[in-house]
Amino acid sequence: MKHQKGIHHITALAGDAQRNAEFYTQVLGMRLVKKSVNQDDPGTYHLFYGNQSANPGSSLTFFPWPNAVQGKPGTGEVVNVALQVPEGTQDYWESRLTDHDVDYTVEDIFGRTALRFSDPDGMELDLVFEGQPKEKVENVDYIVPFDKTIQGFWGARMYLTEREHTEKLLNELFEFEQVSNEDNLYLYQTDAEIGHSVIIEVADAPIHGQNGRGIVHHIAFRTENKEELDQLREQVDKRGLHPTQIIDRHWFNSVYYRIPAGVLFEMASDDPGYTVDEEFEHLGEHLILPPWLENKRDRIEEILPGIRVPSKATS
């Protein structure tokens, strides 16, 4: 079976960790699949939310910094994260967002209906109605009924002053092909079930943003394994983009580089996955540290604020 290309995960900056966790689990009904720390700043959480299966292509992750200033998106960034929900669930989601005091607008995204709103830190989100529900996963909790729940990413929108070079990278490295164009918006897709879409919004002129909460830190694209990751790293290096060495992130291997248009790209392997250190049914229940930080656990737990995520809530 051919390995699916597409988005692996997207990582953003948040403010308060508890508020972030409540919004993504209790309001949007995503599963907290990993509670860990920023490996470069272990005094900060790294929270991973995904679908109930914890599939690659569903992980929206956050570094919560309680004292972070409010960010302001600019060019050279991912400015919108789109999550896919099944067709026919618009009434449910409109009611759910209203019940949780989340203001939204109804948008058309290349012929697909979407609800657009912001998370508590101001990051722009879309719920795009496309496709059918995934099969129900046994032995895990659903806050949103399984036939209405978030399936994973639909895609992401980048706001760039440059398109052609980025388009070439998306196509040659990750098999995204342009399928549509509306005004200054260009849609690229792969054949993946989730995480299959990238929109490039072309800006007339550079706009300087402000880093802070609500800003996307990087977008990661899927590779099958470390071997393919190494091959893609060589291709990136030949293009003069100065990729990092392969970095062991414990649940996947990663390579990072900044594209000329400004976005920080990551390439991440699907393996070994989130169950390498936790049983599938108990993902996200405990603070997980990579092995090389385990000897600092007491100090890390002392620094981190407590997070309480109820396992169930009413839908």
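Analysis parameters
- Residues numbered from 1 in each chain as written.
- Predicted model: local features only at pLDDT ≥ 70, side-chain atom pairs only at ≥ 80, totals over all residues.
- Heavy atoms only, no water.
- Helix = DSSP H or I, 4+ residues; strand = E, 2+ residues; numbered from the N terminus.
- Rg over C-alpha atoms; globule rule 2.2 N^0.38 Å.
- Buried < 20%, exposed > 50% of the residue type's maximum accessible area, 1.4 Å probe, protein only.
- Areas by Shrake-Rupley, 256 points an atom, 1.4 Å probe, with all protein chains shown as cover.
- Lys, Arg positive; Asp, Glu negative; His and termini not counted.
- Charge placed at Lys NZ, Arg CZ, Asp CG, Glu CD.
- Pairing = 2+ DSSP bridges.
- Contact = heavy atoms within 4.5 Å.
- Patch = residues over 30% accessible without salt bridge, like charges linked within 9 Å, V, L, I, M, F, W, Y side chains within 5 Å.
- Salt bridge = Lys/Arg side-chain N within 4 Å of Asp/Glu carboxyl O.
- Axes fitted to C-alpha atoms, helices over the stretch in contact; angles between N-to-C directions.
- Phe/Tyr/Trp six-rings, centres within 6.5 Å; stacked < 30°, edge-to-face > 60°.
- Lys NZ or Arg CZ within 6 Å of the ring centre and 35° of its normal.

Which residues make up the overall build of the protein, and what are the values?
Helix and strand content of the protein: five helices and 16 strands. Taken against the 2.2 N^0.38 rule, which gives 20 Å for 315 residues, the C-alpha radius of gyration of the protein at 18 Å falls within 12% of a compact globule. With the C-alpha coordinates of the protein rotated into their principal frame, the extents come out at 45 × 45 × 45 Å. Within the protein, the proportion of its 315 residues that are buried is 56%. A total accessible area of about 13900 Å² is found for the protein, and carbon and sulfur atoms account for 44% of it. If the 29 positive side-chain charges of the protein are averaged to one point and the 53 negative ones to another, these points end up 3 Å apart.

Now, about the pairing of strand β12 (residues 197-202): what can you tell me, with residues and values included?
Regular strands show a simple pattern: their side chains alternate between the two faces of the sheet. Burial of β12 is extensive: five of the six residues sit out of reach of the surface. Alignment of strand β11 (residues 185-189) against β12, held across five bridges, turns out to be antiparallel. What sits directly across from Gln 189, in β12, is Ser 197.

Outline helix α2 (residues 90-99), supporting the account with residue identities and numerical values.
Listed as buried for α2 are Tyr 92, Trp 93, Glu 94, Arg 96 and Leu 97. Tucked into the core, α2 has its buried residues touching α1 (17-27), β5 (77-85), β6 (105-109), β7 (112-118) and β8 (124-129). At the C-terminal side of α2, Asp 101 shows a positive phi close to 60 degrees.

Explain unusual backbone geometry to me, and be specific about the residues and the numbers.
A cis amide bond, omega 0 degrees, links Asp 271 with the succeeding residue Pro 272. For Pro 272, the position within the fold is in strand β16 (residues 264-272). At His 250, a residue that is not glycine, the phi angle is positive and equals roughly 80 degrees. Assignment of secondary structure puts His 250 in the loop between β14 (247-248) and β15 (252-258). The exposure class assigned to His 250 is buried, which follows from its relative accessible area of 16%.

Please give an account of a negative patch on the surface that cites residues and values.
Taken together, the side chains of Glu 224, Glu 227, Asp 230, Glu 234, Asp 237 and Asp 271 define an acidic patch exposed on the protein surface. For the negative patch, the leading source of residues is helix α4 (residues 226-238), giving four residues. Overall, Asp 230 belongs to the partly exposed group, its relative accessible area being 35%.

Describe the sheet that holds β6, and please don't skip the residues or the numbers.
The strands making up a sheet are joined through hydrogen bonds of the backbone, oriented either antiparallel or parallel. What the eight strands build is an open sheet, ordered β6-β7-β8-β5-β9-β12-β11-β10; its pairing is mixed. Strands at the two margins of the open sheet, each flanked by one partner only, are β6 and β10 (177-182). This sheet shows a mean twist of 25 degrees between the axes of neighbouring strands, independent of strand direction. For strand β9 (residues 152-160) and β12, the ladder comprises six bridges, and the chain directions are parallel. Within β12, the position partnered with Leu 160 by the bridge is Val 202. Where helix α3 (residues 164-174) meets the sheet, it contacts β9, β10, β11 and β12, and its direction lies at approximately 170 degrees from that of β12.

Help me get a handle on the packing of aromatic side chains, residues and values and all.
By the definition in use, this model includes 14 aromatic pairs. Aromatic side chains Phe 63 and Trp 65 sit 5.9 Å apart centroid to centroid with 55 degrees between the ring planes, which places their arrangement in the tilted category. Site record: aromatic cluster; members linked through ring pairs are Phe 174, Phe 176, Phe 221, Tyr 257 and Phe 265. When the ring centre of Tyr 92 is taken as reference, the NZ or CZ atom of Lys 148 above it lies at 5.7 Å.

Please provide a residue-by-residue account of the pattern of salt bridges, values included.
Per the stated rule, a full pass over the model turns up 20 salt bridges. Between Glu 124 and Arg 116 there is a salt bridge whose closest N-O contact spans 3.6 Å. Among the residues examined, Glu 124 registers a relative accessible area of 24% and is labelled partly exposed. Where salt bridges share partners, they join Arg 116, Glu 124, Asp 126, Arg 157 and Glu 201 into one cluster.

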